[in-house]
Amino acid sequence: MSIRTKLILSYAAMFLVPLALILLVSLLLILAFQGSVQNARNLYERTESLFDRDEIGHAIHEIERTIRHDPAILGNGAFLKDVSDELAQSGTGFVLRKDDRIVYVSDNLRGRSEIAAVLPPYRKDGYKARLPTVRVGSDYYIGKRYDFALNDRSRNTFLIWTRMDPAAYFARQYFPLLFAILLVVLVLTHALLTRLMSRTIIRPLLQLKNAATRIKEGNLDFQIDLGGRDEIGQLGAAFEDMRSQLQKSLALQQQYEDNRKALISSISHDLKTPITAIRGYVDGLLEGVADTPEKTERYLRTISAKAEEMDRLIDELFLYAKLDLKRVPFALEPVRLAGFMADWAEELHFELEKRQVGIETSIELPAQAEVMLDRDQFRRVLSNIVANSLKYMDKPDKKLHLSVFREGDRAIVALRDNGAGIAADALPHIFERFYREETSRNTQTGGTGLGLAIAKQIMDGHGGSIEAQSVKGQGTTLRIGLPLRVSGEGRESDDQTHLAH
């Protein structure tokens, strides 16, 4: 429900709810005190006749004038009967008292002992006063007295009683209570509606304000949940999404900062080692420690090797930085992977022979199966994997096994060695930059720690994958996955290449 609809409904409720409650309370009070509700039309008519005081006053004035002119008329029953009938038309009756004796009672008041019980004593000539309201059965009577004296020294009281509708009496009698109830209903209704609007509009806005303050103070470790589907609820969801994204951005920024510090620390350490060695050998040459041509040549060769090591490290750092920033363009082209891997295996076989490492090759892949490759970058991935395997081969009979096969819609290149293997706790981290399971950072075994990290970046750029499986003490297998594509002929050949060395 929108805020506009809520406001419209709240304004309507502020009018309709109090009105309905007032009517309900009035009805309940009438039923409680009277037991029934009179017809509305009769109520109106009776109320009008009740307050039509000019007609009654005029009749009384005429009666008083007639009696003063002819006191004997008080004994004329016909005259009094005519007056009674005239007043009865407006629901009014009268009682005439001379001295202390009642001389006439209107027909509509006869048998009303309750009225006779409240007749007041004579006061003085010309005295007028209202009488207490008297309940007779289910009717109420409002009375008025008129005292007058005649020449015969008689003291006379003319008492008029006008019947009042119960509902009209109730309204007159309990008006203060009804007014107080009206005020209470209005106050409670507006308080409840204000509270409801506060919960649905003001409170969520205050939550957003507090959230903005916390974000400004740098505190993002909280959650905004306003609920609802109105505009404020949508704003809260957008605000929560912004907070979440900002928190992730700051966390990523912090991670980048930590990585930068680790990178600087690792670079400093890896560069310092060959630089220290170079300085040591240079100092030895300057101080004449290398006092023979053979020793001098050995020192110079060591300096050259360390310089080459630094150059290789810097090249790998530049390459990794470019890969990390997505600034290395990949020259991807369709390549028949079986043939490519067969050629590469041939070249690798001659290189491994020099190191006395045996290699077994198994290529079980359709000859025309193609993948998208950057040939040079993919060769770098394979070379980094092989170099990493060779550093950790600790068996007398060193072996490397290459297998290429299909797995679903992917081509898999697996390189398995029989080296030292990788501990289970280190396996998830081997593709992180500068990570080495061997903590001494010996370049003879640990390398720069960038080889496998670079391989992963290159495979990500190919849309492929690289993962490791290893058992400590038995060896490691690195699996490269590449998406297969249909060859230019529209189908893959069923021919397979089987090579073994």
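As the structure is a computational prediction, the values presented were derived from the model and not from experiment.

Parameters and conventions
- Residues numbered from 1 in each chain as written.
- Predicted model: local features only at pLDDT ≥ 70, side-chain atom pairs only at ≥ 80, totals over all residues.
- Heavy atoms only, no water.
- Helix = DSSP H or I, 4+ residues; strand = E, 2+ residues; numbered from the N terminus.
- Buried < 20%, exposed > 50% of the residue type's maximum accessible area, 1.4 Å probe, protein only.
- Contact = heavy atoms within 4.5 Å.
- Areas by Shrake-Rupley, 256 points an atom, 1.4 Å probe, with all protein chains shown as cover.
- Phe/Tyr/Trp six-rings, centres within 6.5 Å; stacked < 30°, edge-to-face > 60°.
- pLDDT = per-residue confidence, 0-100.
- Axes fitted to C-alpha atoms, helices over the stretch in contact; angles between N-to-C directions.
- Parallel < 35°, antiparallel > 145°, perpendicular 65-115°, else oblique.
- Left-handed = near helix turned anticlockwise from the far one by under 90°.
- Nonpolar A, V, L, I, M, F, W, Y, C, P; charged D, E, K, R; others polar.
- Salt bridge = Lys/Arg side-chain N within 4 Å of Asp/Glu carboxyl O.
- Core = buried A, V, L, I, M, F, W, Y, C linked by side-chain atoms within 4.5 Å.
- Pairing = 2+ DSSP bridges.
- Expected span 1.5 Å × (residues − 1).
- Patch = residues over 30% accessible without salt bridge, like charges linked within 9 Å, V, L, I, M, F, W, Y side chains within 5 Å.
- Polar contact = N/O pair within 3.5 Å; in protein donor to acceptor, adjacent residues only side chain to side chain.

Caption draft 1: Highlighting the overall build of the protein chain. Of the regular secondary structure elements, the protein chain holds twelve helices and twelve strands. Among the 501 residues that make up the protein chain, the fraction classed as buried is 38%. Pairs at least 24 residues apart make up 65% of the contacts formed inside the protein chain by residues separated by at least 6 positions. Of the roughly 29,300 Å² of accessible surface on the protein chain, a fraction of 54% belongs to carbon and sulfur atoms.

Caption draft 2: Representation of the packing of aromatic side chains. Applying the stated criterion to the full structure yields four aromatic pairs. Aromatic pair Phe94 and Phe158: ring centres 4.8 Å apart, planes at 25°, arrangement stacked. Taken as a pair, Phe94 in strand 1 (residues 92–98) and Phe158 in strand 5 (residues 155–164) lie far apart in primary sequence, 64 residues in all. Considered together, Phe94 and Phe158 belong to a single accessibility category, that of buried residues.

Caption draft 3: The arrangement of the confidence of the model for the protein chain in detail. In the predicted model, the protein chain carries a mean pLDDT of 77, and the fraction of residues at 70 or more is 78%. In the predicted structure, residues 39–53 sits below a pLDDT of 50 and forms 14 contacts with residues beyond four places in sequence or in another chain. Predicted confidence for residues 488–501 stays below pLDDT 50, and this span has 34 contacts to residues more than four positions away or in other chains.

Caption draft 4: Structural detail: the packing of helix 11 (residues 375–391) against helix 12 (residues 451–461). Orientation of helix 11 relative to helix 12, taken along the N-to-C sense of each, is 150°, at an axis distance of 9 Å. Relative to helix 12, helix 11 is oriented roughly antiparallel. Along this stretch, helix 11 crosses helix 12, giving a crossing that reads as left-handed. Side by side, helix 11 and helix 12 meet where Gln377, Phe378, Arg380, Val381, Asn384, Ile385 and Asn388 of the first sit next to Gly451, Leu452, Ile454, Ala455, Ile458 and Met459 of the second. When the residues that make up the contact of helix 11 with helix 12 are grouped by side-chain class, the tally is eight nonpolar, four polar and one charged.

Caption draft 5: Region of interest: the pattern of salt bridges. Across all of its chains, the model carries 14 salt bridges by this definition. Lys395 serves as the salt-bridge partner of Asp394, at 3.2 Å between the closest nitrogen and oxygen. Shared partners join several salt bridges into a network, and the residues in it are Lys81, Asp85 and Asp107.

Caption draft 6: Structural detail: the nonpolar core. The biggest cluster of nonpolar side chains holds 56 residues, and the ones touching the most others in it are Leu337, Met341, Phe378, Leu382, Val413 and Ile480. A per-element tally of this core places helix 10 (residues 337–354) first, with nine residues. Every residue in contact with Ile480, bar those within four places of it in the chain, is listed here: Phe378, Val381, Leu382, Ile385, Ala411, Ile412, Val413, Met459, Ser465 and Ile466. By size, the runner-up hydrophobic cluster in this structure holds 16 residues, among which are Ile73, Leu80, Tyr104 and Tyr146.

Caption draft 7: Spotlight on the sheet that holds strand 3 (residues 128–136). The strand order 2-1-5-4-3 describes an open sheet built from five strands, whose pairing is antiparallel. Taken across any chain shown, the strands that pair with only one partner, and hence form the sheet edges, are strand 2 (101–105) and strand 3. Strand-to-strand, the axes of this sheet are offset by a mean angle of 25°, without reference to chain direction. Across seven bridges, strand 1 lies against strand 5 in antiparallel orientation. Across the sheet, the residue bridging to Arg97 is Thr157, located in strand 5.

Caption draft 8: Layout of the sheet that holds strand 9 (residues 399–407). What the five strands build is an open sheet, ordered 7-9-10-12-11; its pairing is mixed. Edge positions in the sheet fall to strand 7 (358–364) and strand 11 (465–471), since each has one partner strand and no second. Within this sheet the neighbouring strands show an average axis-to-axis angle of 15°, counted without direction. Examined bridge by bridge, strand 10 (residues 410–417) and strand 12 (residues 475–483) share seven bridges and lie antiparallel to one another. From the neighbouring strand, Ala411 faces strand 12, where its bridge partner is Leu482.

Caption draft 9: Inspection of helix 10 at higher detail. Taking 1.5 Å per residue as the helical rise, helix 10 with its 18 residues ought to reach 26 Å, and the 26 Å between its terminal C-alpha atoms agrees with that figure. Those residues of helix 10 lying buried are Leu337, Ala338, Phe340, Met341, Ala342, Trp344, Ala345, Leu348 and Leu352. Following helix 10 by one or two positions, Gln356 has its phi on the positive side, about 60°.

Caption draft 10: Up close: a nonpolar patch on the surface. There is a patch of nonpolar side chains on the surface, built from Val17, Leu21 and Leu24 and spanning about 220 Å² of accessible area. Within the secondary structure layout, Leu24 lies in helix 1 (residues 3–34).

Caption draft 11: View of the side chain of Glu370. With respect to the helices and strands, Glu370 occurs in strand 8 (residues 370–373). A polar contact of 2.5 Å, which involves the side chain of Glu370, links it to the side chain of Arg485.

Caption draft 12: Focus on the pairing of strand 4 (residues 139–149). Of all eleven residues that make up strand 4, nine are buried, and the element is covered over most of its length. With seven bridges connecting them, strand 3 and strand 4 associate as antiparallel partners. Each residue of the ladder has a partner; that of Lys128, found in strand 4, is Tyr146. Both strand 4 and strand 5 contribute to a ladder of ten bridges, which runs antiparallel. Bridged to Phe148 within strand 5 is Asn156.

Caption draft 13: Region of the structure containing the environment of Lys398. Its place among the elements puts Lys398 in the loop between helix 11 and strand 9. Taking the C-alpha atoms as reference, Lys398 lies 5.0 Å from Val357; in sequence the two are 41 residues apart. Every residue in contact with Lys398, bar those within four places of it in the chain, is listed here: Gln356, Val357, Gly358, Met393 and Asn418.

Caption draft 14: Quick look at the environment of Val357. Relative to the elements of secondary structure, Val357 occurs in the loop between helix 10 and strand 7. Residue Val357 is classed as buried on the basis of its relative accessible area, which comes to 9%. When the C-alpha positions of Val357 and Leu400 are compared, they lie 7.2 Å apart, and in sequence the two are 43 residues distant. When neighbours within four sequence positions are excluded, Val357 is seen to be in contact with Leu352, Leu390, Met393, Lys398, Lys399 and Leu400.

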